[in-house]
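Structural overview
One letter stands for each residue in the lines below.
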Amino acid sequence: MTNLDERTTDDDEKNGVASFMQGAKEQALKNVEHVAEGTAAGTMPEGKLFDIATQISDKRLADLTVEDTTCGYCAVGCRFDVYTDGDEVLATRPTEPEKSPVNGISTCVKGKFSYDFVDSEGRLTSPLVRDENGEFREASWEEAYGRVVEGFQEIQEKYGGSAMSMIASSKATNEENYLMGKFARQVLGTNSVDNCNRLCHSSTVAGLARTYGYGAASVSTEDFEQADAIFLTGSNTTEAHPVLGTRIKQHAKEGNELVVFDPRKVQIAEYATQYTKVRPGFDQVWINGLTRYIIENDLYDEEFVEERTTGFEQVKESVEEFTPEYVEEVTDVSEEDIASAAETIANNDRVLFGWTLGLTEHSHGTENIMAMANLAAITGNLGKPGTGVSPFRGQNNVQGGGGDMGPLPDNFPGYQSITDDDNREKFEEAWDCEIDPEPGFYTTEMFLAADDGDLRGMYCIGENPSLSEPGSNHASEMLEEMEFLVVQDLFLNDTAQFADVVLPAVSFLEKTGTFTNTDRRVQMVKQVIEPKGDAKADWEILQDLANRMGREWDYSETSEIMEEMRQLTPIYGGITQERVEEEGGLQWPCYDLDHPGTERLYEEEFNTDDGKAHLQPVGYGEPGELPDEEYPFSLTTGRVLYQYHTGTMTHPEEGIMDYNDRDFVEINPEDAANYGIEDGDLVTLESRRGEITVPAQVTARIGKGVVFAPIHFAETCVNQLTDSTRLDPDARTPEFKFSAVRVSPYEGDAEQVSYDNVEPISGDD
Ligand SMILES: Nc1nc2c(c(=O)[nH]1)N[C@H]1C(S)=C(S)[C@@H](COP(=O)(O)OP(=O)(O)OC[C@H]3O[C@@H](n4cnc5c(=O)[nH]c(N)nc54)[C@H](O)[C@@H]3O)O[C@H]1N2
Ligand SMILES: Nc1nc2c(c(=O)[nH]1)N[C@H]1C(S)=C(S)[C@@H](COP(=O)(O)OP(=O)(O)OC[C@H]3O[C@@H](n4cnc5c(=O)[nH]c(N)nc54)[C@H](O)[C@@H]3O)O[C@H]1N2
Ligand code: SF4
Ligand SMILES: [Mo]
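First things first, this report covers the structure right here in the doc. Predicted model only: the values in this text are computed from it and were never measured.

A word on the overall build of the protein chain
Within the protein chain, the secondary structure is distributed over 29 helices and 29 strands. Put simply, the protein chain has 765 residues, and 64% of those count as buried. In the protein chain, the share of contacts with a sequence separation of at least 24, taken over all contacts with a separation of at least 6, comes to 75%. Roughly 27,000 Å² of accessible area belongs to the protein chain as shown, and the carbon and sulfur atoms make up 42% of that amount.

Points about the site of ligand 3
Around ligand 3, the neighbouring residues are Cys-71, Tyr-73, Cys-74, Gly-77, Cys-78, Cys-108, Lys-110, Gly-111, Pro-242 and Val-243. Broken down by secondary-structure element, the contributors of at least two residues to the shell around ligand 3 are helix H5 (109–113) and helix H12 (242–253). Classifying every residue of the shell around ligand 3 gives 7 nonpolar, 2 polar and 1 charged.

Quick look at the nonpolar core
The biggest cluster of nonpolar side chains holds 112 residues, and the ones touching the most others in it are Phe-183, Tyr-212 and Tyr-459. The dominant element in this core, judged by the number of residues it contributes, is helix H19 (residues 365–378), at 9 residues. Excluding residues within four positions of it along the chain, Tyr-459 makes contact with Phe-152, Met-164, Ser-165, Met-166, Ile-167, Phe-183, Val-486, Gln-488, Leu-503, Ile-541, Leu-542 and Leu-545. Among the nonpolar cores identified, the runner-up in size contains 41 residues, and Cys-78, Val-219, Ala-269 and Leu-352 belong to it.

Some points on the environment of Leu-448
Following the sequence through the fold, Leu-448 ends up in helix H22 (residues 443–451). When its relative accessible area of 25% is taken as the criterion, Leu-448 is described as partly exposed. Put simply, Leu-448 and Thr-725 are 277 residues apart on the chain and 7.9 Å apart in space, counted from C-alpha to C-alpha. Sequence-distant contacts of Leu-448, defined by excluding residues within four places in its chain, comprise His-474, Ser-724, Thr-725 and Leu-727.

Quick word on the site of ligand 1
Taken together, 33 residues lie around ligand 1, and Ala-240, Asp-262, Asp-283, Arg-639 and Gln-643 are the ones closest in. At 3.0 Å, a backbone N or O of Leu-357 approaches an oxygen atom of ligand 1. The separation between an oxygen atom of ligand 1 and a polar side-chain atom of Lys-737 is 2.9 Å. Burial of ligand 1 by the surrounding chains reaches 99%, relative to a free accessible area of 910 Å². Every element with two or more residues in the shell around ligand 1 is listed here: helix H11 (237–240), helix H18 (357–360) and strand E24 (633–638). Residues lining the shell around ligand 1 come from more than one domain, with at least three contributed by each of domain 3 (202–391) and domain 4 (633–752).

Points about the pattern of salt bridges
For the coordinates displayed, the defined rule picks out 48 salt bridges. Where Glu-176 meets Lys-511, a salt bridge forms, and the shortest distance between an N and an O atom there is 2.9 Å. In this pair, Glu-176 sits in helix H8 (residues 174–188) while Lys-511 sits in the loop between strand E19 (501–504) and strand E20 (513–516), placing the two residues 335 residues apart along the sequence. Each member of the pair, Glu-176 as well as Lys-511, is classed as buried. For Asp-544, the salt bridge is made with Lys-536, and the minimal N-O distance between the two is 3.1 Å. Take Lys-536: its relative accessible area is 22%, and that puts it in the partly exposed class.

Let's talk about the packing of aromatic side chains
Throughout the structure, instances matching the rule amount to 29 aromatic pairs. Relative to Phe-606, the ring of Tyr-212 lies with its centre 5.4 Å away and its plane at 35°, an arrangement referred to as tilted. One end of the pair, Tyr-212, is in helix H9 (residues 202–212); the other, Phe-606, is in the loop between strand E22 (586–587) and strand E23 (613–614), with 394 residues separating them in the sequence. Accessibility expressed as a relative area gives 0% for Tyr-212, which makes it buried. Among the aromatic residues, those joined into a ring-pair cluster are Tyr-212, Tyr-214, Phe-304, Tyr-415, Trp-588, Tyr-602 and Phe-606. The positively charged end of Lys-536 is found above the aromatic ring belonging to Trp-141, 4.9 Å away from the centroid.

A few points about the packing of helix H13 (residues 283–296) against helix H16 (residues 324–331)
Running from N to C, H13 and H16 point in directions that differ by 165°, and their axes come no closer than 9 Å. In terms of orientation, H13 lies roughly antiparallel with respect to H16. Note that H13 runs across H16; the crossing there is left-handed. Residues Val-285, Trp-286, Gly-289 and Arg-292 of H13 lie in contact with H16, whose contacting residues are Pro-324, Val-327, Val-330 and Thr-331. Its residues placed into classes, the contact of H13 with H16 shows 5 nonpolar, 2 polar and 1 charged.

Some thoughts on unusual backbone geometry
Here the residue pair Trp-588 and Pro-589 is connected by a cis peptide bond, since its omega of -5° sits within 30 degrees of zero. Mapped onto the elements, Pro-589 comes out in the loop between E22 and E23. Positive phi outside glycine occurs at Arg-520, with the angle close to 65°. Within the secondary structure layout, Arg-520 lies in the loop between E20 and strand E21 (521–525). Taking the relative accessible area as the measure of exposure, Arg-520 reaches 0% and is therefore buried.

Here's the deal with a negative patch on the surface
Residues Asp-451, Asp-452, Asp-454, Glu-477, Glu-480 and Glu-481 make up a contiguous surface patch of negative charge. Here the element with the most residues in the negative patch is helix H24 (residues 472–481); it accounts for 3 residues. Here Glu-477 lies in helix H24. Looking at Glu-477, the relative accessible area reads 42%, which means it is partly exposed.

Some remarks on the side chain of Asp-489
Locating Asp-489 in the fold gives a position in strand E18 (residues 484–489). Of the buried charged residues, Asp-489 lacks a salt bridge, with Arg-123 as the closest side chain of opposite charge at 7.6 Å. Sequence-distant contacts of Asp-489, that is, excluding residues within four places in its chain, are made with Leu-124, Gly-462, Glu-463, Leu-503, Pro-504 and Ala-505.

Observations regarding the sheet that holds strand E25 (residues 665–667)
Spatially, 6 strands are ordered E24-E28-E25-E27-E26-E29 in a closed barrel, and the strand pairing comes out mixed. Strand-to-strand twist across the sheet, computed as the mean angle between neighbouring axes with direction ignored, equals 45°. Looking at chain direction, E24 and strand E29 (residues 739–745) are connected through 3 bridges and run antiparallel. Bridging across to E29, Phe-633 finds its partner in Val-741.

Observations concerning the pairing of strand E10 (residues 257–262)
Counting buried positions along E10 yields 5 of 6 residues, so the element is predominantly enclosed. Here 5 bridges tie strand E9 (residues 229–233) to E10, and the two strands are oriented parallel to one another. By the bridge assignment, Leu-232 is partnered in E10 with Val-260. Sheet topology note: the E10/strand E11 (residues 274–277) ladder contains 4 bridges and is parallel. Of the residues in E11, the one forming a bridge with Phe-261 is Thr-276.

Structural notes on the environment of Gly-386
One can find Gly-386 in the loop between H19 and strand E14 (388–391). What makes Gly-386 buried here is its relative accessible area of 0%. When the C-alpha positions of Gly-386 and Asp-349 are compared, they lie 8.9 Å apart, and in sequence the two are 37 residues distant. If sequence neighbours within four positions are ignored, Gly-386 has contacts with Asp-223, Gln-226, Ala-227, Arg-350, Val-351 and Leu-352.

A word on H24
Within the sequence span of H24, burial applies to Ser-472, His-474, Ala-475, Ser-476, Met-478 and Leu-479. In this structure, the buried side of H24 is in contact with H22, strand E17 (457–461), helix H23 (465–468) and E18.

Things to note about helix H17 (residues 335–347)
In an α-helix, one full turn covers 3.6 residues, which means residues spaced three or four apart are oriented alike. In a regular helix each residue adds 1.5 Å, so 13 residues correspond to 18 Å; H17 covers 18 Å between its end C-alpha atoms and thus fits that length. Within H17, burial applies to Ile-338, Ala-339, Ala-341, Ala-342, Thr-344 and Ile-345.

Rules of the game
Residues numbered from 1 in each chain as written. Chains lettered and ligands numbered in written order. Predicted model: local features only at pLDDT ≥ 70, side-chain atom pairs only at ≥ 80, totals over all residues. Heavy atoms only, no water. Helix = DSSP H or I, 4+ residues; strand = E, 2+ residues; numbered from the N terminus. Buried < 20%, exposed > 50% of the residue type's maximum accessible area, 1.4 Å probe, protein only. Contact = heavy atoms within 4.5 Å. Areas by Shrake-Rupley, 256 points an atom, 1.4 Å probe, with all protein chains shown as cover. Near = heavy atom within 4 Å. Nonpolar A, V, L, I, M, F, W, Y, C, P; charged D, E, K, R; others polar. Core = buried A, V, L, I, M, F, W, Y, C linked by side-chain atoms within 4.5 Å. Polar contact = N/O pair within 3.5 Å; in protein donor to acceptor, adjacent residues only side chain to side chain. Domains from an automatic or database assignment. Salt bridge = Lys/Arg side-chain N within 4 Å of Asp/Glu carboxyl O. Phe/Tyr/Trp six-rings, centres within 6.5 Å; stacked < 30°, edge-to-face > 60°. Lys NZ or Arg CZ within 6 Å of the ring centre and 35° of its normal. Axes fitted to C-alpha atoms, helices over the stretch in contact; angles between N-to-C directions. Parallel < 35°, antiparallel > 145°, perpendicular 65-115°, else oblique. Left-handed = near helix turned anticlockwise from the far one by under 90°. Patch = residues over 30% accessible without salt bridge, like charges linked within 9 Å, V, L, I, M, F, W, Y side chains within 5 Å. Lys, Arg positive; Asp, Glu negative; His and termini not counted. Charge placed at Lys NZ, Arg CZ, Asp CG, Glu CD. Pairing = 2+ DSSP bridges. Expected span 1.5 Å × (residues − 1).

Distances and angles like these do not, on their own, reveal function.
Following this line, the structure appears as structure tokens:
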């Protein structure tokens, strides 16, 4: 860490403080233009900024340290300097631009202000075990480790290692996730290890890998600035990827085209040259309609199709039925909108396709993605600056930790399939263990397998499945029934309530390692404050447990873990922490120490056996449950800017809670009028699986017959309404973006709204 004194060489202490305060204020004002920053500054204008300034000026400058690190919220991968007194985060400020290729001078409200969670009351500072009455009590690490080892071994002995499962954490570092995959195979003896990518972009990974060879974004953030047109769908960019949203808005303001297809007129759509409202759940129909229009009108890139793809004829045939009339009938997208979007894609030299969960969280998400991949390929929009595909990844480290590092049932690090004998042999030798050639259960399948008695134990690290899994009532029931459950988290989250042992972990601010952002860019994460209480980094806990279970792990720092991983993982073969630090980030594939990394995929060839993109015919698809008389509305779910998932990290932030302290439901004014619902009225949503009651937000941004509810509060957990069984056949992603529901004005006394059976999370007070 750098002492602030060393950085302010000319200034005396007072000037240093004054210039910091001045800088913070100027930055906040200057960046009102930058919406992400503007929102940050606007959310807590005086209060929080004044607070920061006071805290800083109250400290002796000599006691402050500053260190650059990478944001631990979303996968945009913003980098910033963190100012601390070693114990507390005082402020963050964008770091030098060469160290922050993605965000330059911007951060969003979470990256700037959301750090109260680190010190909040609910932070776990000691291991917890159950006492004789079944209540949690604090325990020493030794006692807790003893219980964990005993519990794991009992399951192994009674049912075999494959009855154990592990949920790895995309909040944790690459190094830690590499160890989670290794721990599952080597120590527990199971392939059932997975993470939140399953709930999120695994259909993107499956669809892109099948078509192009890599299941990742082909572009870098810089490509957005070089595109002539950006085509966005199923992405609430300004709320979920705010800094990227700012860049895209800026690009549109500069006169470039922006086409947005979404069931909600989300903020980014206000900047679009074309916004089209779609009916949720039928995306492959309108995407196929675009492809058909482009082929029918000879607007496709014949040379690219000829030289760089296979399967064009099959795709051409498969889209024939998607005439404009048919598309309009199924999806509400008009003939004119199909024509104008198709012309925009065809008539611009460089088109970049971006999407997120609106396309993936469906029971046919993989088909949606393959339809998108076909569209990008037939128009030749791959491998050149300003062109390509960009699924904006979600959690801060879901690209690296959730995928690349291989805490997956079917893959070793670097997407090396476990069913391949050579791969298995390589890892069996490196890890000195036997590995079952049969892939394990995906996360969504784990809860179904538990129901069938095929899974008996779970080690859940940094994920909150009792709220985030589809059909959360079912997931919670299964967590309760686990014979042995260990939860390792910063908080006693809702999942931890069902645990036998709870192990206290530290956040990204309290440890060192790397994250990989949505551009495949590996960036440094540095410890800026001391761990809270007795909490430890995930990698330290894993190592302690492995060694108590008969293994000899001997890592003294995370760079050694990275070193082991890169030697086993060709696409990370040249990536060391030292290089990442020196070169300000490195993008995979990076095969050896002399390789510069890869900014843009597919410039020369695709990652397939013949180097060509393998176009996949995609037919009709619809949600697994359709609206009917009983449940006439289509419910889709998602996020708001201020909150993060199940809220463990954002609910402790007062400024944020002032803005948003509950979930709600968006409903179209006509529907609201039909049901006698006014803005703010409590509304009950019921599906075949459960019901919740939330206030209505009456807004024309959502179409008729569709309702939207966010996912951030346990008390009204929307996943009580979603379905745990409707999964994409390839990726096993749940249908979070579509459930049939009915809507009714809440009949009871508002004071008596029952918030179901879920306890509020700790750290929420
Ligand atoms: N503030 C905040 N930011 C976050 C997160 C957070 O919790 N809070 N989480 C992070 C994570 S892990 C992820 S994965 C990303 C998610 O990022 P997004 O996917 O952008 O987030 P969602 O709110 O789920 O929004 C999905 C979008 O899809 C649209 N949509 C819904 N149904 C359909 C459909 O059937 N078809 C189409 N075409 N569109 C549809 C919605 O209207 C919305 O615009 O956000 C990341 N960033
Ligand atoms: N209905 C509906 N449901 C959804 C979605 C949706 O759009 N609609 N989206 C899905 C998606 S895309 C996702 S990604 C999931 C997210 O679901 P989860 O991953 O379950 O949600 P989080 O609240 O982010 O949980 C992360 C946990 O990690 C802890 N944590 C943070 N940092 C660390 C660390 O370094 N180490 C450890 N050990 N713990 C840490 C936090 O305290 C928190 O408890 O939700 C999914 N569920
Ligand atoms: S956009 Fe994402 S990475 Fe950047 S500051 Fe906000 S939450 Fe952090
Ligand atoms: Mo996600």
